[in-house]
Amino acid sequence: MSLWKKLLWFGVAALGTWAVAMLALSRGEQISALWIVAAGLCALSISYRFYSKWLATKVLVLNEERATPAVLQNDNKDYVPTNGWMVFGHHFAAIAGPGPLVGPVLAAQFGFLPGTLWILIGATLGGGVHDMIVLFASIRRGGKTLGQMVREEIGHTVGLLALVSVLAIMIILLAVLALVVVQALAESPWGVFTIAVTIPIALIMGIGLRTGKVSVMAITIFGLLGLAFGVWGGQFLAHFPAIENWFRHDQKWLAWAIMIYGLAASILPVWMLLTPRDYLSTFLKLGTVAMLAAAVVLINPTLQMPAITKFIDGSGLVFAGPVFPFVCITIACGAVSGFHSLIASGTTPKMITRESRIRSIGYGAMVTEMMVALMAMIAACVLQPGEYFAINTKGAPTEVVAKVSATGFPVTEAEMQKLATDLGESTMFNRAGGAPTFAVGMAHMFARVSTKPTALALWYHFAIMFEALFILTTIDAGTRVGRFLLQDFLGNLWRPLGNTRSWIANFFSSVLLVAAWGWFLYEGVIDPLGGINSLWPLFGLANQLLSVVALCLGTTLLIKMRKSKYLFITLVPLCFMCAVTFSAGYLKVFSPDPRLGFLSGSQSLLSQAAAITDPVKAANLARQATIWRFDAFVAISFLVLVLLIVLGSARQWWQLLRGTKRVVLHESEFVPLSAVSSASVSLAR
């Protein structure tokens, strides 16, 4: 490296360090949101340039000449050699679900500092390593899923536990993702119109690219023009009431529609719908985030939320729980996400044509998602704290205003009514869940660039639609990966059901999986108290538990690859995530605080139901109490299963390091890329 390059990177490191110091040490004065952007860009640049390159060349030793599963097993359905940019688009769209948008917004109740630090540290040292090593492992093993690899590398019993736990966790994750989309799109013709438009556009893109007669550039231009039409044209539906009614639907209708879409995405060839639609969605995702970053630079907003609030003790108005471990559990996908391991061992390894792309797709997509999470943190923290807490606190308006103001963040009903009017909404009270808050913050920044009086309402509804599209792309890829996992499990019961080349087996497994997560989705939709209230805590806990399983696999592989001197790259994140997940799980189940613990919360609801004379309200409370007891059972089951996996993995590591167990690495046979027909990789170039 030349002297000028060394000076350049030293300057980047100095700027990043100064930005973090400004965020961490400043107290009582105005802090610009630009410091968060600067810290994120510097962390992204340095970690990708140096840490990911070191992982690729020294630890994993990627081989550019080794043929990948997509090239060797090209079946025109699941294993399909795909252009590198389209694979990146698919992977990023699939992993970037609600976590990087909703999680940081909810975690902002602790102040901007705890969440920002966890996003920066967790994504670069934990999430990027987690994603990259699982993607590498799957590609070296013919595109096998996480459960299959755990069974082969750690042991049959541990693998069976992993398969059951991963499949159960996957069902909960998909149900929560779908429920967030349903709640965002209900009675929103603009959002439904935009998402509906992307489906035929993606089909045309997939078929056009598959013919080999249309270039990736031409397909991309066509897709972007169609996407622009969908985003821009949706706002004019109000002028055509008859057409608008076609796209205005309630939550039940949308729940069934999403189930049908998930089924189609799981069954159809990956090149026909899944890959082009995710690739298309990535442009909107990254384009919107880039616009948000540009808006931050242009208007230089001030962070209104304190660096650290009084709610770090667990008394938060948005959700109960202390800053550790719940800042990690809440942010989820923005830093470390177990869901990523399912995509990295599901659809993505079956499309990559060269091992060198493991670095840009595995690590690169994760640190890109880190920037999305930081933008969400900024969107929440540039709002007045009183408005932020009033939006996310449940109760009657008068009660909410009094409760929020009493904590030192004053707000009035008149201010909240003006906010709702400016946004084109009837009220902004009782809009908990994070998504509306992100939309408000995003709209505030975009509207300041425009002078139109209707700009705030326009950008708010655009942000709601953007969030729904952001999350929906995780459902389609997740359902397909879930089908792979289910077929792994069913194949142990009856071998033909595990055959992914069989259309009948694929269809049966897809229907079974969609029915499973669809049941939880429908229960959440009809729950009078809001299903997201019970499912979201399980989502965060289950997501982080998956990362523990994936990091156990990564540690095992490093030992078997005789890379024991590099064990710290997986062991440090693994130990930290174990402390996070098991402490959070214990608190969520057994905490005596009824706002936090499932069991104490269930008992509190039953006591309230017994004191109410209205039979309907009493029945609703009793139903919610039953759901919370079920959540406690599910959480305990997940914790026990993952604890057994960790203990089984640790036993395996001890035996391998002591030399009392023979090392067997289940890598696929090396096949040079030059030995494969050039026709097999022509589509990827």
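Structure first, text after, so check above.
Everything quoted here is computed from the prediction, not taken from an experiment.

Cut-off values and rules
Residues numbered from 1 in each chain as written. Predicted model: local features only at pLDDT ≥ 70, side-chain atom pairs only at ≥ 80, totals over all residues. Heavy atoms only, no water. Helix = DSSP H or I, 4+ residues; strand = E, 2+ residues; numbered from the N terminus. Rg over C-alpha atoms; globule rule 2.2 N^0.38 Å. Buried < 20%, exposed > 50% of the residue type's maximum accessible area, 1.4 Å probe, protein only. Contact = heavy atoms within 4.5 Å. Lys, Arg positive; Asp, Glu negative; His and termini not counted. Charge placed at Lys NZ, Arg CZ, Asp CG, Glu CD. Salt bridge = Lys/Arg side-chain N within 4 Å of Asp/Glu carboxyl O. Phe/Tyr/Trp six-rings, centres within 6.5 Å; stacked < 30°, edge-to-face > 60°. Lys NZ or Arg CZ within 6 Å of the ring centre and 35° of its normal. Patch = residues over 30% accessible without salt bridge, like charges linked within 9 Å, V, L, I, M, F, W, Y side chains within 5 Å. Areas by Shrake-Rupley, 256 points an atom, 1.4 Å probe, with all protein chains shown as cover. Axes fitted to C-alpha atoms, helices over the stretch in contact; angles between N-to-C directions. Parallel < 35°, antiparallel > 145°, perpendicular 65-115°, else oblique. Nonpolar A, V, L, I, M, F, W, Y, C, P; charged D, E, K, R; others polar. Polar contact = N/O pair within 3.5 Å; in protein donor to acceptor, adjacent residues only side chain to side chain. Left-handed = near helix turned anticlockwise from the far one by under 90°.

Caption draft 1: Spotlight on the overall build of the chain. Looking only at helices and strands, the chain has 26 helices and 2 strands in total. Over its C-alpha trace the chain gives a radius of gyration of 24 Å, about what one expects of a compact globule, namely 26 Å for 685 residues. For the chain, the spread of C-alpha atoms along the three principal axes comes to 70 × 60 × 55 Å. The buried share of the chain, reckoned over its 685 residues, is 60%. In the chain, of all internal contacts separated by at least 6 residues, the share reaching a separation of at least 24 is 84%. Within the chain, one finds 47 positive and 31 negative side-chain charges whose respective centroids are separated by 12 Å.

Caption draft 2: Main features of the pattern of salt bridges. One pass over the structure, following the stated rule, counts 11 salt bridges. For Arg 140, the salt bridge goes to Glu 355, with nearest N and O atoms at 2.6 Å. Of this pair, Arg 140 sits in helix α6 (residues 112-140) while Glu 355 sits in the loop between α15 (339-344) and α16 (357-381), placing them 215 residues apart in sequence. By relative accessible area, Arg 140 is classed as buried at 8%.

Caption draft 3: Structural detail: the packing of aromatic side chains. Under the criterion given, the structure shown has 22 aromatic pairs. A ring pair is formed by Trp 118 and Phe 576, whose centres lie 5.3 Å apart and whose planes are at 35 degrees; its orientation type is tilted. Here Trp 118 is found in helix α6, whereas its partner Phe 576 is found in helix α24 (residues 568-590), with 458 residues between them in sequence. We classify Trp 118 as buried; its relative accessible area is 10%. Residues Phe 389 and Phe 409 carry aromatic rings whose centres are separated by 5.2 Å and whose planes lie at 25 degrees to one another, so their mutual orientation is stacked. Taken together, the residues Phe 389 in helix α17 (residues 385-392) and Phe 409 in the loop between α18 (397-406) and α19 (413-423) connect sequence positions 20 residues apart. On the basis of relative accessible area, Phe 389 is assigned to the buried category, the value being 0%. Residue placement shows Lys 350 over the ring face of Phe 484; its charged tip is 4.4 Å from the ring centre.

Caption draft 4: Layout of a nonpolar patch on the surface. Among the surface-exposed residues, Tyr 586, Phe 590, Leu 599, Ile 636, Val 640, Leu 643, Leu 644 and Leu 647 lie close enough to one another that they form a single nonpolar patch of about 720 Å² accessible area. Relative to the helices and strands, Leu 643 resides in helix α26 (residues 615-658).

Caption draft 5: A look at the packing of α16 against helix α20 (residues 435-447). At a minimum axis separation of 8 Å, α16 and α20 run at an interaxial angle of 80 degrees. The pairing of α16 with α20 is recorded here as roughly perpendicular in orientation. Between α16 and α20, the residues in contact are Met 375, Ala 376, Ile 378 and Ala 379 and Phe 438, Gly 441, Met 442 and Met 445, respectively. Its residues placed into classes, the contact of α16 with α20 shows 7 nonpolar, 1 polar and no charged.

Caption draft 6: Here's a closer look at the side chain of Lys 588. Here Lys 588 is to be found in helix α24. In this structure Lys 588 is buried but unpaired, with Asp 631 as the nearest side chain of opposite charge at 8.1 Å. Polar contacts involving the side chain of Lys 588 include one to the main-chain carbonyl oxygen of Leu 596, which spans 2.9 Å. In contact with Lys 588, not counting residues within four places along its chain, are Phe 326, Pro 537, Leu 596, Gly 597 and Phe 598.

Caption draft 7: Up close: the environment of Tyr 460. The residue Tyr 460 is located in helix α21 (residues 455-493) in this model. Through-space distance from the C-alpha of Tyr 460 to that of Gly 441 is 8.5 Å; in sequence the pair is 19 residues apart. With residues near it in sequence (within four places) discarded, Tyr 460 still touches Leu 423, Glu 425, Met 428, Arg 431, Pro 436, Ala 439, Val 440 and Ala 443.

Caption draft 8: Broad picture of the environment of Ile 391. As for its placement among the helices and strands, Ile 391 is situated in helix α17. C-alpha of Ile 391 to C-alpha of Phe 92: the two residues are 299 residues apart in sequence and 30 Å apart in space.

Caption draft 9: Geometry of helix α7 (residues 146-153). The buried count for α7 comes to 6 of 8 residues, which makes it a mostly enclosed element. For α7, the complete set of buried residues consists of Leu 146, Gly 147, Gln 148, Met 149, Val 150 and Glu 153. Positive backbone phi, approximately 155 degrees, marks Gly 155, located one or two places after α7.

Caption draft 10: View of the packing of helix α1 (residues 3-25) against α6. The geometry of α1 relative to α6 is characterised by a closest axis approach of 9 Å and an angle of 150 degrees between their N-to-C directions. As far as their axial angle goes, α6 and α1 are roughly antiparallel. Once α1 is placed against α6, the crossing between them reads as left-handed. On the side of α1, the interface is formed by Val 20, Leu 23 and Ala 24, while α6 contributes Phe 112, Leu 113, Thr 116, Leu 117 and Leu 120. Of the residues in the contact of α1 with α6, the class split is 7 nonpolar, 1 polar and no charged.

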